[in-house]
Amino acid sequence: MSGATGDERHAHERPAVDEDALGDLQRLFASEHEARLLRSVLGDGPRRLADMRVALTARDVDALGWAAEALRGAAELVGARPLSALCVRLAREARAGNWELAQGLVGALDEEYASVRTRLEAELRRGRRAGDAE
Amino acid sequence: MARKKILLVDDSPTILMMEQMILSKGPYDLIVAQDGEEGVAKALAERPDLILMDVVMPRLDGFGAVERLRADPLTRDVPIIMITTRSEAQNVEAGFTSGCNDYITKPLNGLELMTKVQNYLGE
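Bear in mind that the values here come from a model prediction, so they are computed numbers and not experimental data.

Conventions and cut-offs
Residues numbered from 1 in each chain as written. Chains lettered and ligands numbered in written order. Predicted model: local features only at pLDDT ≥ 70, side-chain atom pairs only at ≥ 80, totals over all residues. Heavy atoms only, no water. Axes fitted to C-alpha atoms, helices over the stretch in contact; angles between N-to-C directions. Helix = DSSP H or I, 4+ residues; strand = E, 2+ residues; numbered from the N terminus. Parallel < 35°, antiparallel > 145°, perpendicular 65-115°, else oblique. Left-handed = near helix turned anticlockwise from the far one by under 90°. Contact = heavy atoms within 4.5 Å. Nonpolar A, V, L, I, M, F, W, Y, C, P; charged D, E, K, R; others polar. Buried area = accessible area lost by both parts, 1.4 Å probe. Salt bridge = Lys/Arg side-chain N within 4 Å of Asp/Glu carboxyl O. Polar contact = N/O pair within 3.5 Å; in protein donor to acceptor, adjacent residues only side chain to side chain. Expected span 1.5 Å × (residues − 1). Bend = angle between axes of the 7 residues up to and from the residue. Core = buried A, V, L, I, M, F, W, Y, C linked by side-chain atoms within 4.5 Å. Buried < 20%, exposed > 50% of the residue type's maximum accessible area, 1.4 Å probe, protein only. Pairing = 2+ DSSP bridges. Right-handed = clockwise from strand over helix to strand, strands pointing away.

A.B. asks: Please explain the packing of helix α3 (residues 62-71) of chain B against helix α4 (residues 89-98) of chain B as it appears in this structure.
C.D. replies: Any two packed helices are characterised by the angle at which their axes cross and by the distance between the axes. Residue and element names in this part refer to chain B. The contact between α3 and α4 brings their axes to 8 Å, and the two run at 20°. By the angle between their axes, α3 is roughly parallel relative to α4. Considering the relative orientation of α3 and α4, their crossing is right-handed. From α3, Phe-63, Val-66, Glu-67 and Arg-70 reach across to α4, where they touch Asn-91, Ala-94, Gly-95 and Ser-98. Considering only residue class, the contact of α3 with α4 consists of three nonpolar, three polar and two charged.

A.B. asks: Honestly, the interface of chain B and chain A in this entry has me stumped. Any pointers?
C.D. replies: The parts lose accessible area when they come together, and the size of an interface is often stated as this lost area. Contacts between chain B and chain A engage 21 residues on the former and 21 residues on the latter. Both sides of the chain B and chain A interface together cover about 1,800 Å² of buried area, and 62% of this is carbon and sulfur. Taken together, chain B and chain A are joined by zero salt bridges. Viewed at the interface, chain A and chain B are joined by four residue pairs in polar contact (both at pLDDT 80 or more). If you tally residues by element for the side of chain B that touches chain A, the top one is helix α1 (residues 13-23) of chain B, at seven residues. A per-class count over the side of chain B that touches chain A returns ten nonpolar, five polar and six charged.

A.B. asks: When you look at the side chain of A:Asp44 in this model, what are you seeing that I'm missing?
C.D. replies: Mapped onto the elements of the fold, A:Asp44 is located in helix α2 (residues 31-58). Beyond its immediate chain neighbours, meaning those up to four positions away, A:Asp44 contacts B:Pro13 and B:Thr14.

A.B. asks: For this particular structure, what's the right way to read α2(A)?
C.D. replies: The periodicity of an α-helix, 3.6 residues per turn, causes residues three or four places apart in sequence to face the same way. Residues and elements named next belong to chain A. Compared with an ideal rise of 1.5 Å per residue, which puts 28 residues at 40 Å, α2 spans 41 Å between its outermost C-alpha atoms and is within 8% of the ideal. Taking the largest bend as the criterion, α2 deviates by roughly 25°, centred on Asp-44, and proline Pro-46 comes between one and four positions later. Within two residues after α2, Arg-59 carries a phi angle of roughly 55°, on the positive side.

A.B. asks: Would you take a moment to explain the nonpolar core for this structure?
C.D. replies: As a rule of thumb, nonpolar side chains are buried together in soluble globular proteins. Core analysis: the largest hydrophobic core is formed by 59 residues, its most contacted members being A:Leu25, A:Met52, A:Leu120, B:Ile6, B:Leu23, B:Leu52 and B:Val117. For this core, the leading source of residues is α2(A), giving nine residues. Those residues in contact with B:Leu23 that lie beyond four places of it in its chain are B:Ile6, B:Leu8, B:Tyr28, B:Leu30, B:Leu52, B:Leu113, B:Met114 and B:Val117. Of all hydrophobic cores here, the second largest spans 19 residues; its members include B:Val9, B:Ile31, B:Val55 and B:Leu69.

A.B. asks: How should the pairing of strand β1 (residues 4-9) of chain B be read in this particular structure?
C.D. replies: For a regular strand, the rule is simple: side chains alternate between the two faces of the sheet. Residues and elements named next belong to chain B. Pairing of β1 with strand β2 (residues 28-33), which is carried by six bridges, proceeds in the parallel orientation. Looking at β2, one finds that Leu-8 is bridged to Val-32. Read as a crossover between parallel neighbours, the route from β1 over α1 to β2 is right-handed. Pairing geometry for β1 and strand β3 (residues 50-54), over four bridges, is parallel. Along β3, the bridge assignment pairs Ile-6 with Leu-50.

A.B. asks: Quick question: what am I supposed to make of the side chain of B:Asp54 here?
C.D. replies: All names here are of chain B. Residue placement: Asp-54 occurs in strand β3. Here Asp-54 falls in the buried class, since its relative accessible area comes to 1%. A polar side-chain atom of Asp-54 sits 3.2 Å from a polar atom in the side chain of Lys-106. If we ignore the near neighbours within four places in the chain, the residues touching Asp-54 are Val-9, Asp-10, Asp-11, Gly-62, Met-82, Ile-83 and Lys-106.

A.B. asks: Could you clarify how one ought to interpret unusual backbone geometry in this entry?
C.D. replies: Glycine aside, a negative phi is what most residues show, and trans is what most peptide bonds show. Residue and element names in this part refer to chain B. The omega angle of the peptide bond from Lys-106 to Pro-107 is 0°, so this bond is cis rather than trans. Tracing the backbone through its elements, the reader meets Pro-107 in the loop between β5 (102-106) and α5 (110-120). Despite not being glycine, Arg-47 shows a phi value in the positive range, around 50°. Relative to the elements of secondary structure, Arg-47 occurs in the loop between α2 (36-46) and β3. The class of Arg-47 is partly exposed, set by a relative accessible area of 46%.

A.B. asks: When you look at the sheet that holds β1(B) in this model, what are you seeing that I'm missing?
C.D. replies: In a beta sheet, neighbouring strands are held together by backbone hydrogen bonds and run either parallel or antiparallel to one another. Residue and element names in this part refer to chain B. Strand order in the open sheet formed by five strands is β2-β1-β3-β4-β5, with parallel pairing between adjacent strands. The open sheet has two free edges, formed respectively by β2 and β5, since each of these has just one partner strand. The sheet shows a mean angle of 20° between the axes of neighbouring strands, direction not considered. Here α4 sits on the sheet in contact with β4 (80-85) and β5, set at roughly 160° to β4.

Here you go:
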C-alpha cells in the first residue's frame, strides 16, 4: 500500500503535470531556457529521491525535509502538483515520527516521479522538433 | 551607473536557474549561494544590493541566515526577500520576525519577482 491520498494521485486519476504550468514556462522563456529548466528538474530529481531514501533509512528528519522541499520546489515549477503533494506528505509524516508511513510513500513517489519524467522528456522532444522545424 | 548586485540563495539548482533566467533580463550582476551559511558568507564578502533567500536549506536555513545578516552592521540594511512555499503562512510570519523585508511564494511568477526586485532597488 502506498498510503498516497488526495493530491497524491496515481497516473490514471490526474495528469502528472499541469499543462497550463508548462504552457506558462513556454510563454515566459525562450524554448532554449525552458529546455534547460526541464533538464535541470530531470537531472536533480533522482538525486533528491536518493537523498530521501538515505534520510529515511537514517531517520534524519532534517535531511529528508531538505530533499523533499527541493524536489517540491522543482515539481511546482513544472506544475507537477501530485509529486509536490507527495513530497509535502512524506516530510510531514517524518516530522511526526511516522517513519513506516513515510517509508510506505516512497513507492508512490517513485511512480509519480516516473510519470513526471515521461511527460517532461516528451516536452523536451517536442521542443527539439519545433526547433528543428524553424 | 553601477550595476546592482543581487545575491540568490537557494539549495535547488532548478530554482536558482529560474531566478537567474528571470533576473538576467535586467541590468543586474547575480551571485548565487546554495545554503544559508554560504549565503551569509557571500553577502558579507560581496555586499549585494538585494538578497533573495529561500527558507528550507541545509546547514543554515533562511530564517537563521536573515537573523545573522541583520545582526551584522555590514548587511543590516540590505533588503531581503524571502522565497517561501505557497500556503505556508507560518513561514511568512517567521520570515518577518527574522528580519526579512518581503516575501514571494513558489512557484515563482516572473513578473512578480521582477517587479519586487525593481521596487527594492529603487528602479
